[in-house]
Amino acid sequence: MLGTFACLTTLTLLGFGTEVGVTSTPWWALGLALLAAMIFCGLLNVLAERIAYRPLRRAPRLAPLISAIGVSFIFVNIGLFWQGPTPRRFPDLLPQYDFISQLFGLHTLVRFTFKDLFVLALAIPLMLALAWVIRNTRMGKAMRAVAQDTEMSLQMGIDVNRVISFTFLLGGLLAGAASLMYGLYNNNTVFTLGFDAGLKAFTAAVLGGIGNVSGAALGGFVLGLLSALTVTYFGGQWENVGVFSLLVIILVFKPTGLLGQALGDRA
Amino acid sequence: MQKRWLSAAAAISALALVVGACGGGGGGGGGATTAKTVKILSSLPMTGASRTQTVEIVNSIQMAIADTKINNVTVQFEALDDATAAKGSWDAAQEAENARKAINDKSVVAYIGTYNSGAAKVSIPLLNQAGLVMVSPANTYPGLTKPGKGEANEPNTYYPNGKRNYARVVPADDLQGAVGAVWTKDLGGKNVYIIHDTELYGKGIADVFRAKAKEIGLTEKGYEGAQKADNYRALANKIKDSGADFVYYGGIVDNNPAVLAKDLKAVAPNIKFMGPDGINCSEFLKQAGPAGDGVYSTFGGVPPEKYTGKSADWLKAYDAKYQNKSPNAYAIYGYEAAKVVLAAIAKAGDKADDRATVLANVMGTKDYEGVLGKWSFDANGDTTLTQFSGSVGKGGAWVFEKELAVK
């Protein structure tokens, strides 16, 4: 939510706070907004980690959870202060183009617009980059080591605090990118946005298997497809029923999620 | 501090009784009447998309209180929020808490609210048992007051002690939904797709629209509930595929109808969109952006630019005080609701702090000359006004289109 606000503020400063009068997509402004949101969210995350989580590193497991709830309240209230209590409109700056009807001349229920392409074009490279960082870099290796056994990593000479900070930075950068995608795709934002987004992200991660990047991506796809299908074939009010029923069923039969493997106990 | 003051006032009045200057029976004459302090609470969603409207209603209430001097009575006012940040719109638990707060504060004699009919459903029964009067500036769900217009057990289920304590200054949806259907037909709509936000108000008015649409020969292409969501692409595609030429949305702006209108416009620019008073606010157009152009909405009364006589004077005064020349449709209703309550308090005289007297006075409002014209509350607590108008979104503002008659 703060990410979308950062995008919105950047775009407004650049003179693109509304699409009225804008004839072609200002890619440079979107690029700047993306950069601003990524840096903003990344730094915010590092700051939150430094203030709210690091002092609790050795505290019982419940303590960081509670301070996380506290941090989310602080964020919500910053958002409330920043952009006010009413939903804000996000400018609709992407080209209006439907590939299926305009390029292929097919008139079906299914549409694939430029917006959908934009989200995929940004999300897939980021996803691959994340997977590459985790799998192939020194820092990625360290991240996995710390996740598996903090004590042992410490003894091996890994700077655990730095690794955790980096993980938060990475999460923040991606959240910043996601917020630009959300804003341009849905064209609205509100200070309580993060709650729903968090719930959906968590559901996707659980569905795909916690601790597994490709699993989370798959979980997200399944979630989106399922909600679209439920809306189309059963009606709008059944959307959440469909999605969460599937979640329950999958967790009953495969508690580790779709691609999950037993990784032991994780916070 | 206030408590001490109250007990002092109580002691003085007790003394007056002991002295026995006035011979009991609660007569108004003789004896020194003591100044009383009474309180009015309002309960409206002040967080979320409705805020623009509710702030204006609260302004209006404050203006009404400032405008009215009642002898020996000081009127205090507090605006409560029945929305929570977590929900971003009204919340049943918060509304119940507000109602309890009103009940437990003995100086409260009237409750102005709610904005959402679903919230009224929560607080009416609570206030009913406490004998506290409630006047709504905005609830339009028919079943709250009218027998036979909602569910089978309505409205009696809301009044556990059997005595009505709820009135509203706006005309209800059994009229508005029907007016919307007739207007749809007038605008050339033939195939309608009806959507509601699954709330009491939204589904209620969608059902009224549905019944009237059937009666006047419109074809129903679909009827479904759609909860608040980030986007409605799937639903928009489905509507387009259904062959509908008109969409009627029963619901409130908080549940993202602006997003639905926008998504619908993206896939099918020719499908027209209409909604009731729940979307008739500047917030809807602000969120919908260019997609708000050509959206129709209905509501009770006429828009500010059509105000004449007393309502025009009111608008001038409102503008002078809050620098707003075109407040949303409900601002004037907030003023009227507060005025009716204040008139009831004034009429109660010595018993201004007696809930039962104020209740009886409000419910008995007859031929009241207010800013909306001359009207009364009927036996159900409904206003006798039945005027509606239709507006269309143009360049970010609602522009008056025509007056709609109840047929």
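Residues numbered from 1 in each chain as written. Chains lettered and ligands numbered in written order. Predicted model: local features only at pLDDT ≥ 70, side-chain atom pairs only at ≥ 80, totals over all residues. Heavy atoms only, no water.

## Quick word on the domain arrangement of chain B
Residue and element names in this part refer to chain B.
Next, step 1: Domains assigned within chain B are domain 1 (34-171 + 309-375) and domain 2 (173-300 + 388-404).
Next, step 2: Each of domain 1 and domain 2 was reduced to a C-alpha centroid, and the two centroids are 28 Å apart.
Next, step 3: With 25 residues of domain 1 at the contact, the number on the domain 2 side is 21 residues.
Next, step 4: Carbon and sulfur atoms make up 52% of the surface buried where domain 1 meets domain 2, a total of about 1,800 Å² over both sides.
Next, step 5: Three residues stand out in domain 1 for area buried against domain 2, namely Ala49, Tyr141 and Pro171, and they jointly supply 25% of the buried area on that side.
Next, step 6: The interface formed by domain 1 and domain 2 includes two salt bridges.
Next, step 7: For the salt bridge of aspartate 174 with lysine 149, the shortest nitrogen-to-oxygen distance reads 3.7 Å.
Next, step 8: Seen at the junction of domain 1 and domain 2, the total is eight residue pairs in polar contact (both at pLDDT 80 or more).
Next, step 9: The element that contributes the greatest number of residues to the side of domain 1 that touches domain 2 is helix α4 (residues 117-130), accounting for three residues.
Next, step 10: Partitioning the side of domain 1 that touches domain 2 into residue classes produces nine nonpolar, eleven polar and five charged. (Domains from an automatic or database assignment. Contact = heavy atoms within 4.5 Å. Buried area = accessible area lost by both parts, 1.4 Å probe. Salt bridge = Lys/Arg side-chain N within 4 Å of Asp/Glu carboxyl O. Polar contact = N/O pair within 3.5 Å; in protein donor to acceptor, adjacent residues only side chain to side chain. Helix = DSSP H or I, 4+ residues; strand = E, 2+ residues; numbered from the N terminus. Nonpolar A, V, L, I, M, F, W, Y, C, P; charged D, E, K, R; others polar.)

## Description of the confidence of the model for chain B
Next, step 1: Confidence along chain B averages 87 in pLDDT terms, with 92% of residues attaining 70 or more.
Next, step 2: In this model, residues 12-32 of chain B is a region of pLDDT below 50 whose contacts with residues beyond four sequence positions or in other chains number six contacts. (pLDDT = per-residue confidence, 0-100.)

## Looking at the packing of aromatic side chains
Next, step 1: Per the stated rule, a full pass over the model turns up 23 aromatic pairs over all chains.
Next, step 2: Ring centres of Trp27(A) and Phe114(A) lie 6.2 Å apart, and the angle between their planes is 50°; this geometry places the pair in the tilted category. With Trp27(A) in helix α2 (residues 27-53) and Phe114(A) in helix α5 (residues 114-136), this pair connects stretches of sequence that are 87 residues apart.
Next, step 3: Three or more aromatic residues joined by ring pairs form one cluster here, namely Trp27(A), Tyr97(A), Phe99(A), Phe112(A), Phe114(A) and Phe118(A).
Next, step 4: The lysine or arginine in question, Arg210(B), covers the ring of Tyr223(B), its NZ or CZ lying 3.8 Å from the ring centre.
Next, step 5: Positioned over the ring face of Tyr185(A) is Arg233(B), at 3.8 Å from the centre of the ring. (Phe/Tyr/Trp six-rings, centres within 6.5 Å; stacked < 30°, edge-to-face > 60°. Lys NZ or Arg CZ within 6 Å of the ring centre and 35° of its normal.)

## Quick notes on the sheet that holds strand β8 (residues 246-250) of chain B
All names here are of chain B.
Next, step 1: Read across the sheet, seven strands follow the order β7-β6-β8-β9-β10-β13-β14 without closing on themselves; strand pairing throughout is mixed. Of all strands in the sheet, those with a lone pairing partner are β7 (219-225) and β14 (397-404), marking the two edges. In this sheet, neighbouring strand axes are inclined to one another by 25° on average, regardless of whether the strands run parallel or antiparallel.
Next, step 2: Relative to β8, strand β6 (residues 191-196) runs parallel, the two being bridged by five bridges. Looking at β8, one finds that isoleucine 194 is bridged to tyrosine 248.
Next, step 3: Across the sheet, helix α5 (residues 173-186) is in contact with β6, β8, β9 (272-275), β10 (296-300), β13 (388-394) and β14; its angle to β10 comes to roughly 145°. (Pairing = 2+ DSSP bridges. Axes fitted to C-alpha atoms, helices over the stretch in contact; angles between N-to-C directions.)

## Some words on the domain arrangement of chain A
Next, step 1: What the domain assignment reports for chain A is domain 1 (2-191) and domain 2 (195-267).
Next, step 2: Using C-alpha coordinates to define each centre, domain 1 of chain A is positioned 20 Å away from domain 2 of chain A.

## Some points on the interface of chain B and chain A
Next, step 1: Chain B puts 31 residues into the contact, and the matching count from chain A is 25 residues.
Next, step 2: Summing both sides of the interface, chain B and chain A together bury roughly 2,400 Å²; the carbon and sulfur share of this comes to 50%.
Next, step 3: The tally of links from chain B across to chain A stands at zero salt bridges.
Next, step 4: The interface formed by chain B and chain A holds nine residue pairs in polar contact (both at pLDDT 80 or more) in total.

## Some remarks on the pattern of salt bridges
Next, step 1: Per the stated rule, a full pass over the model turns up 19 salt bridges over all chains.
Next, step 2: Ionic pairing is found between Asp92(A) and Lys115(A), a salt bridge with its closest N-O pair at 3.3 Å. Residue Asp92(A) is found in the loop between β1 (88-89) and α4 (99-103), and its partner Lys115(A) is found in helix α5; the two are separated by 23 residues along the sequence. Each member of the pair, Asp92(A) together with Lys115(A), is buried.
Next, step 3: Glu215(B) is the partner of Lys212(B) in a salt bridge, and the nearest nitrogen-oxygen pair spans 3.5 Å. A residue pair is termed a helical-turn pair when its members lie 3 or 4 positions apart in one helix, as Lys212(B) and Glu215(B) do in helix α6 (residues 200-215) at three residues.
Next, step 4: By sharing partners, the salt bridges in this structure join Lys39(B), Glu78(B), Lys101(B) and Asp105(B) into a single network. (Buried < 20%, exposed > 50% of the residue type's maximum accessible area, 1.4 Å probe, protein only.)

## Topic: the pairing of strand β3 (residues 108-113) of chain B
All names here are of chain B.
Next, step 1: Counting buried residues in β3 gives six out of six residues, a clear majority hidden from the surface.
Next, step 2: Direction of pairing for strand β1 (residues 36-44) relative to β3: parallel, over a ladder of five bridges. Within the sheet, the bridge partner assigned to leucine 41 lies in β3 and is tyrosine 111.
Next, step 3: Traced from β3 through α4 to strand β4 (residues 133-136), the parallel crossover comes out right-handed. (Right-handed = clockwise from strand over helix to strand, strands pointing away.)

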